[in-house]
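# A closer look at the structure
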Amino acid sequence: MKTPNILLVDDDEVYLFVTKKILNGLSKNIIVTSFTDGEQAIEYINLCLGQNVELPEVILLDINMPFLDGWGFLSEFKKVKPKLRGQNVDIFMVTSSNSDMDLDKAKEFEEITGYVVKPVFEDKMEEILTKVYNGSWKS
Amino acid sequence: MWIRIIKTSLALYIPLLIFTIFWSHLQKQSLIYNMAHIQQKNILNKSFHLADECTALTEITSYWSTVPFPPSFSDTSELEEGFIENYIKILQGVDEYDQFRLIDTNGQEILRYEKTGTNKMLPAQVQNKVNRPYFNKGLTLKKGQVYISPIELNQEYGEIEIPYKPVMRGVTPIFDNNDDQVGLAVVNFDLTKIFDLMKARISDDNFFLVDKDRNVIATNLSSNYLPHQALMSHQDSLIREKLLFDNMSLEKDTFFMKEGNLWVFQNVNVGFENKGGKPTFSNVADVVSNNNWAIIQQIPAAYISKMLQSIRRNLLLFNILTLFVILLIALGYARTQKERNSFIESLKAKKEELQRNREQLEHTNQLVQKSNRRLQVRNQQLEDFNYVVAHNLKSPVTSMSIIVDMLSKSSDLKTFNELFPKLKTISNNISTLTEDVQSYVSILNNNELEIENVNLLVLLEDVENDFVETLMDKKARNFQTIYRFNAWYSLKCSKFYMKSILQNFLSNAIKYRRTDVDSYVIFETAYEKGKKILYIKDNGLGIDLERHGQNMFKLYKRFHRNISGKGMGLFIVKSQLEAMNASLEVESEAGVGTTFKMKFN
């Protein structure tokens, strides 16, 4: 039994609020961290790595964000990947874009586990968590 | 056309004309030569008459030098009739025979026979001839010699006989049995008839028999003989004058042209001229003579001209005919040339038309390319628009759908109170987005921009005034705006858009300046390949293009966390520039500065 540690990166505050609410609804025992842009998120990752804090296992990453967008975050994440020491981080692109351009681009990143088109309802979120934690996330 | 015909004709005709003139000259020369040749023969024939007379006179006269006269010849005036009769009888048949006389050594005629009107030789009254030159000349002669006198007008009793009678005398000394000279025998030949023969014309030629001083002896232009010895008429003077040929010396046989007349001059060869050899008459007698006659034949200019006329006529006819033919040829040539020229002209016109078509095509091509570029830009804009809608509109809508779903599943008031304000946020977001999209779409759809000549300097000063307050701010005091409008300062564009663009750039330059240095922004104009370029350089915060380059001009992109902004400015600027057919590029380095480059097409 593991406490799921999830990182939300999205500039849509309403989405963040709603997603947190869904996650909390799914499990009482779940850690959710959120940032409104890629830059803050990568700084957080670096901070975790620097202080040996455990990284979130799942990152739900939006594409279109100010300061540093989803792609920019992935590029930066690639750079710090060697520091992860084998720790697995599943990154899901969660975006309202279903354009082919973005889908094709997502395939170029092997770091990406899945591509989810908004809206992400409760059942969809459950599916994602089950996939990541092999069902062993429910308290 | 006519000028060409005349030119061609002349080119062909002039050589022909030269040939014609040359040929006519040759013809004339040939004609003159032939005429002269004929006249030379003519003169020779006439000479023969005179030569025959001389021969006859010599023979007849020399007879007396061999006859032995009685010693008392001079004393006795009575000579036997028979002594002379037979001789006279034989010779009176000779036409020219005019007188026969025997003169003693004192000049007194002993015997005299004259031809009468009945053509008979009859005795006549004797005269004294002691003063006559032929008598004195005769006394100097040796036995057997014969003197042939010059041709003279006959004189009787010391007076020139009228009518004038041209005579030539043969004189020889006579001797008695003891070989003592007893006197002279003199034979007179009347040359009238011979001259009549010589005067005969073979054409329109004029005949002149002249002595060595070129005195006229006989001519067919005058009935007078030897006019210089008698009376010179006016005509005779003119003839004499003419024959002097301006004192031209004439010795050898020749012919020449003078004032259009052909003159043929030839010495008369009578046969007893002593020319360095034996005299031709040596077998007949020893002839003493001082006669150097010459015959001149004149072909008058009028006659020559008449003879040349037929040649001229033929040549003229020939020339007219050939000129006609040449004109026909020239006409044909000119027509061919004209056709050729018009053909070339039409070819040229076609070529020009092709050229025009090609230019037209190129122009169309350029237009197509231009509109193609516009379409590409347009396409890009549509894609951008699509993206904006897809992301920025879809995102709140999806959030809303989740909230609505959650609200529908939940019935407790707490959840409702919690979620409902979020719907309001979403609603606000959507209306903000709608407004932003609308302003973007209005740029995209603005096809009829009001294009005018905009003075960038004036416009920029205007824009700067709007920022006066910001620039007066203590923090912004070290901010400097620099203009470098050396290349150009005036631009055809939308003043409204340009103002908005400049406002955005100036605002950005101020907003994203580095507070730790003296900041500036430079507006600089330049030309690149004939196109107007506007640079806007600042030494502000700059941006990491490797990280953000792709998003530089996208909607709602922001790159500087601590500085307020919507992420709309450059997006609008780019759209406005594209609407004005201009492009925008950026170069930037974080912490150094940014340069925007606008290219106006």
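Let me begin by describing the structure that accompanies this report. (Residues numbered from 1 in each chain as written. Chains lettered and ligands numbered in written order. Predicted model: local features only at pLDDT ≥ 70, side-chain atom pairs only at ≥ 80, totals over all residues. Heavy atoms only, no water.)

## Considering the overall build of chain B
Secondary structure summary: chain B contains 12 helices and 23 strands in total. Relative to its full complement of 601 residues, chain B shows a buried share of 42%. Contacts in chain B between residues far apart in sequence, at least 24 positions, make up 66% of those at least 6 positions apart. Accessible area for chain B stands at about 33600 Å²; split by element, carbon and sulfur atoms hold 53% of it. (Helix = DSSP H or I, 4+ residues; strand = E, 2+ residues; numbered from the N terminus. Buried < 20%, exposed > 50% of the residue type's maximum accessible area, 1.4 Å probe, protein only. Contact = heavy atoms within 4.5 Å. Areas by Shrake-Rupley, 256 points an atom, 1.4 Å probe, with all protein chains shown as cover.)

## Observations concerning the interface of chain A and chain B
Taken together, the contact between chain A and chain B spans 31 residues of the former and 30 residues of the latter. The largest per-residue losses of area from chain A upon contact with chain B belong to Val14(A), Asn64(A) and Phe67(A), which jointly make up 25% of the total buried on that side. Across the chain A-chain B interface, the total number found is 2 salt bridges. For Glu76(A), the salt bridge goes to Arg547(B), with nearest N and O atoms at 3.5 Å. If you look at where chain A meets chain B, you find 8 residue pairs in polar contact (both at pLDDT 80 or more). Elements supplying a minimum of two residues to the side of chain A that touches chain B: helix H1 (13-26), helix H2 (38-50) and helix H4 (100-108) of chain A. Of the residues forming the side of chain A that touches chain B, the biggest block, 6 residues, is contributed by H1(A). (Buried area = accessible area lost by both parts, 1.4 Å probe. Salt bridge = Lys/Arg side-chain N within 4 Å of Asp/Glu carboxyl O. Polar contact = N/O pair within 3.5 Å; in protein donor to acceptor, adjacent residues only side chain to side chain.)

## Section: a nonpolar patch on the surface
All names here are of chain B. Taken together, the side chains of Met1, Trp2, Ile6, Leu10, Ile14 and Ile18 present a nonpolar region at the surface, about 640 Å² in accessible area. Of note, Leu10 is situated in helix H1 (residues 2-62). Looking at Leu10, the relative accessible area reads 42%, which means it is partly exposed. (Patch = residues over 30% accessible without salt bridge, like charges linked within 9 Å, V, L, I, M, F, W, Y side chains within 5 Å.)

## Concerning the sheet that holds strand S23 (residues 593-600) of chain B
All names here are of chain B. Taken in spatial order, the 5 strands of this open sheet run S18-S20-S21-S23-S22, and their pairing is mixed. In this open sheet, the two strands that pair with only one neighbour each are strand S18 (479-484) and strand S22 (582-589). Mean inter-strand twist for the sheet, computed between neighbouring axes without regard to direction, equals 15 degrees. Two strands pair when backbone bridges link them, and strand S21 (residues 531-538) and S23 are joined in this way by 7 bridges, in the antiparallel orientation. When the sheet's bridge partners are listed, Asp538 is paired in S23 with Thr594. Across the sheet, helix H12 (residues 569-579) is in contact with S22 and S23; its angle to S22 comes to roughly 145 degrees. (Pairing = 2+ DSSP bridges. Axes fitted to C-alpha atoms, helices over the stretch in contact; angles between N-to-C directions.)

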